Amino acid sequence: MENGLESTGDSRLDQAVTQWLLYDKNPKTAAAVRSMVKDKALSELQRCFGARMEFGTAGLRAAMGPGVSCMNDLTIIQTTQGFCAYLEQCFTDLKQRGVVIGFDARAHPPSGGSSKRFACLAASVLISRGVPVYLFSDITPTPYVPFTVSHLGLCAGIMVTASHNPKQDNGYKVYWANGAQIIPPHDKGIAAAIEQNLEPWPESWDTDGALQSSLLNDPYQDIHREYCQTIQQHCFHRELNKNTKVKIVHTSVHGVGHIFVQAAFKAFDLHPPYAVEEQKDPDPEFPTVKYPNPEEGEGVLTLSFALADKEGATVILANDPDADRLAIAEKQKSGQWRVFSGNELGALLGWWMFQCWKQQKVEGKASIKDVYMLSSTVSSKILCAIAVKEGFHFEETLTGFKWMGNRARELMDQGKTVLFAFEEAIGYMCSHAVLDKDGVSAAAIAGEFVSYLASKNITLSHQLRSIYEEYGYHITKNSYFICHNQDTIKRLFERLRNYDGKNSYPKECGGFAITAVRDLTTGYDSNQPDNKAVLPTSKSSQMITFTFANGGVATMRTSGTEPKIKYYTELCAAPGNSDLNQLKAELDNLVDAIVEHFYQPEKNNLTPRPE
């Protein structure tokens, strides 16, 4: 190789390493690559240089470390150069409007990478092209970035976070001028522009110069104040909040949420929640949890349960590390804690947002026919049942808040009111000021909701039962298998597409008759007159939905950010059918059949979700 290092014996790898060492000015990652070459660590080199991280609608997410497959100084510069070049093509007023950049508290000392460092590098790339940058001076929740894009009328936003991923990961999430995450074709346009701008521009590494630039603004104080002001439009019971006897515990799971949820509670005149001391300050090591993901339920909440029991609190609120998701648990009469599923919280919060809207007496209030709620196609259909009975609109989108955020913006531009959107992965949009999931506003709104129910001597669990009794039970069971082998995943889904001969889907599963199939990878939908799916399709991800004769719906899909094959199942009963045990048993049997016949975990060597 030209840089005095021995060849690896693989010319493509040699070329990638040579280019890397030419461009990389981070001494830690450059030294790590040199040492891998010297030690002939070929499998390690392949892992770091085998394939460039793919820029998709979720941006980037990967482990921090050296090479084009990882998040590091150089790949952040290259990504931002591509993004900047793409923005220059799309906006003639980019240099007047600018871009906002936020970051969480992640750090990876071995490679010198951290969210703050990556955010500063992204800022210096944009500033080097004369683009005004609104760089938060401290950590913020992810929702603050889309809020800032909309509030200040900017061209775009970047959030450096890996949300609830393991500690070694980081990510780069992108918002468009409409305040929502990007959707196609922007991802392809940005990915192509990255490939054309791999060589660092002269000033891209100059973070010191960028931080002194007149183009750099710190929106932290203003945006924090404006956000807390804006979410107060969703506060309807201020007097009740002031006097409530309910005690609530909050954990931010070593992430950014603590001070922002405390401030949101204050904005609603709620008593401050008890903070889990061991988890309230940001810590990139996430020392007290195996996975920093409240979706995983009880393991993440062990310390919260202990604090709640000590303080006599009956409700726990938990944010994920970038505070865009919210989990809720409630103490039951038995003394046990109930952790609500994302779908159950969607039912509770959706019902509450509708009640608050109904009771609002304001000038120019929308008529019910202009009111909308949204959820993703793998989430519970409970909002649909509420909408049918109450007279507002419900729409389903593809999986992910990028689709709900963009659809909400379209509806708002048509003068409609979007009250609420949710996805089963504990993501809630309770305020249209943020066109993405927001665990901070959702926490304050949940605090008021709990206080209101307590004033009537009702628990969340009771209220959920009332909702199901009024609109029909919707019971769900979701899980996943881990699979690192892409060929296995492809084979599993192709078998379902050619089940009884070529291009024929299963007609039954373990005795459960299938009445409809929708495949959003190929665009097939047996329910449509022309067999063409209405929702957008994507060949790059796997997703098939089966509808069963017993009212069950099951979706199998791959994850965009993790090596998982997920399943989402739901059984919807008509109002009045309240034999819950029988419904649960039927859903359990259906899930067992899907796992046995469609997943075939033993044959495909799939690892079940860790308990």
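Keep in mind the model is a prediction, meaning the values are calculated, not measured.

## Regarding the nonpolar core
Across soluble globular proteins, nonpolar side chains have a tendency to be buried as a group. Formed by 179 residues in total, the largest nonpolar core has its most connected members in Ile101, Phe420 and Tyr428. Not counting residues within four places of it along the chain, the set of residues in contact with Ile101 comprises Ala119, Ala122, Ala123, Leu126, Val133, Tyr134, Leu135, Phe136 and Ile158. Counting 11 residues, the second largest nonpolar core, distinct from the first, contains Met404, Ala408, Val418 and Met429.

## Comments concerning the sheet that holds strand β2 (residues 99-103)
Judged by pairing direction, the sheet is mixed, and its 6 strands sit side by side in the order β1-β7-β6-β2-β5-β8 without closing on themselves. The strands lining the two open edges of the sheet, one partner per strand, are β1 (60-63) and β8 (216-217). As defined by bridge partners, strand β6 (residues 156-160) adjoins strand β7 (residues 169-175) across 4 bridges and the pair is classed as antiparallel. Bridging across to β7, Met159 finds its partner in Lys173. Of the strands in this sheet, β2, β5 (133-135), β6, β7 and β8 touch helix α6 (residues 115-128), which is tilted by about 165° from β2. Most of the contacts of helix α7 (residues 144-152) go to β6, to which it runs at about 165°, and overall it touches β2, β5, β6 and β7.

## With respect to the side chain of Asn343
Following the sequence through the fold, Asn343 ends up in helix α14 (residues 342-359). A distance of 2.8 Å separates a polar atom in the side chain of Asn343 from the backbone nitrogen of Ser380.

## Side note on the UniProt feature "domain: Alpha-D-phosphohexomutase alpha/beta/alpha" (unreviewed entry) in the protein chain
Under the UniProt annotation, the feature "domain: Alpha-D-phosphohexomutase alpha/beta/alpha" (unreviewed entry) is placed at residues 53-197, 226-332 and 342-471. Between the end C-alpha atoms of residues 226-332 there is a gap of 37 Å, over a span that is 33% helix and 16% strand. In the segment residues 342-471, helix accounts for 53% and strand for 16%; the C-alpha atoms at its two ends are 18 Å apart.

## Observations concerning the pattern of salt bridges
Counted by the stated rule, this structure contains 33 salt bridges. Arg106 is the partner of Asp104 in a salt bridge, and the nearest nitrogen-oxygen pair spans 3.6 Å. The pair Asp104 / Arg106 is uniform in exposure class, with both members buried. We note a salt bridge from Lys331 to Asp309, for which the minimum N-O separation is 2.7 Å. Within this pair, whereas Lys331 is found in strand β12 (residues 326-331), its partner Asp309 is found in helix α13 (residues 298-311), the two being separated by 22 residues in sequence. Given the relative accessible area of 41%, Asp309 is considered partly exposed. Three or more residues are tied together by salt bridges with common partners; here these are Lys173, Asp324, Glu423, Asp436 and Lys437.

## Brief notes about helix α12 (residues 258-267)
In terms of residue burial, α12 counts as a mostly covered element, since 7 of its 10 residues are buried. Within α12 the residues assigned to the buried category are His258, Phe260, Val261, Ala263, Ala264, Phe265 and Ala267. Positive backbone phi, approximately 60°, marks Asp269, located one or two places after α12.

## A few points about unusual backbone geometry
For the peptide bond that leads from Pro184 to Pro185, omega is 5°, which places it in the cis range. Here Pro185 shows up in the loop between β7 and α8 (186-195). With phi around 50°, Asn503 is a residue other than glycine that occupies positive phi space. Structurally, the position occupied by Asn503 is in the loop between α19 (486-497) and β19 (508-509).

## Concerning the state of the cysteines
All told, the structure shown has 0 disulfides when counted by the stated rule. Cysteine Cys90 remains unbridged, with the sulfur of Cys155 as its closest cysteine sulfur at 9.5 Å. Classification of Cys90 by relative accessible area gives partly exposed; the value is 34%. Between Cys384, a cysteine without a disulfide, and Cys572, which holds the nearest cysteine sulfur, the sulfur-to-sulfur distance is 8.7 Å. The exposure class assigned to Cys384 is partly exposed, which follows from its relative accessible area of 30%.

## Here's the deal with the environment of Lys95
Inspection of the secondary structure assignment puts Lys95 in helix α5 (residues 94-97). Placed 35 residues apart in sequence, Lys95 and Gly130 show a C-alpha to C-alpha distance of 6.2 Å. Filtering out sequence-adjacent residues up to four positions away, Lys95 remains in contact with Arg129, Gly130 and Pro132.

## Observations concerning the sheet that holds β12
Think of a sheet as strands paired side by side through backbone hydrogen bonds, with each pair either parallel or antiparallel. Across the sheet, which stays open at both edges, the 5 strands sit in the order β10-β9-β11-β12-β13 with mixed pairing between neighbours. Sheet topology places β10 (274-275) and β13 (337-339) at the edges, where each strand pairs with a single neighbour. Two elements, strand β9 (residues 248-251) and β10, share 2 bridges in a ladder whose sense is parallel. Bridging across to β10, Val249 finds its partner in Tyr274.

Definitions and cut-offs
Residues numbered from 1 in each chain as written. Predicted model: local features only at pLDDT ≥ 70, side-chain atom pairs only at ≥ 80, totals over all residues. Heavy atoms only, no water. Core = buried A, V, L, I, M, F, W, Y, C linked by side-chain atoms within 4.5 Å. Buried < 20%, exposed > 50% of the residue type's maximum accessible area, 1.4 Å probe, protein only. Contact = heavy atoms within 4.5 Å. Pairing = 2+ DSSP bridges. Helix = DSSP H or I, 4+ residues; strand = E, 2+ residues; numbered from the N terminus. Axes fitted to C-alpha atoms, helices over the stretch in contact; angles between N-to-C directions. Polar contact = N/O pair within 3.5 Å; in protein donor to acceptor, adjacent residues only side chain to side chain. UniProt positions renumbered as here; feature names shortened; annotations may be inferred. Salt bridge = Lys/Arg side-chain N within 4 Å of Asp/Glu carboxyl O. Disulfide = S-S within 2.5 Å.

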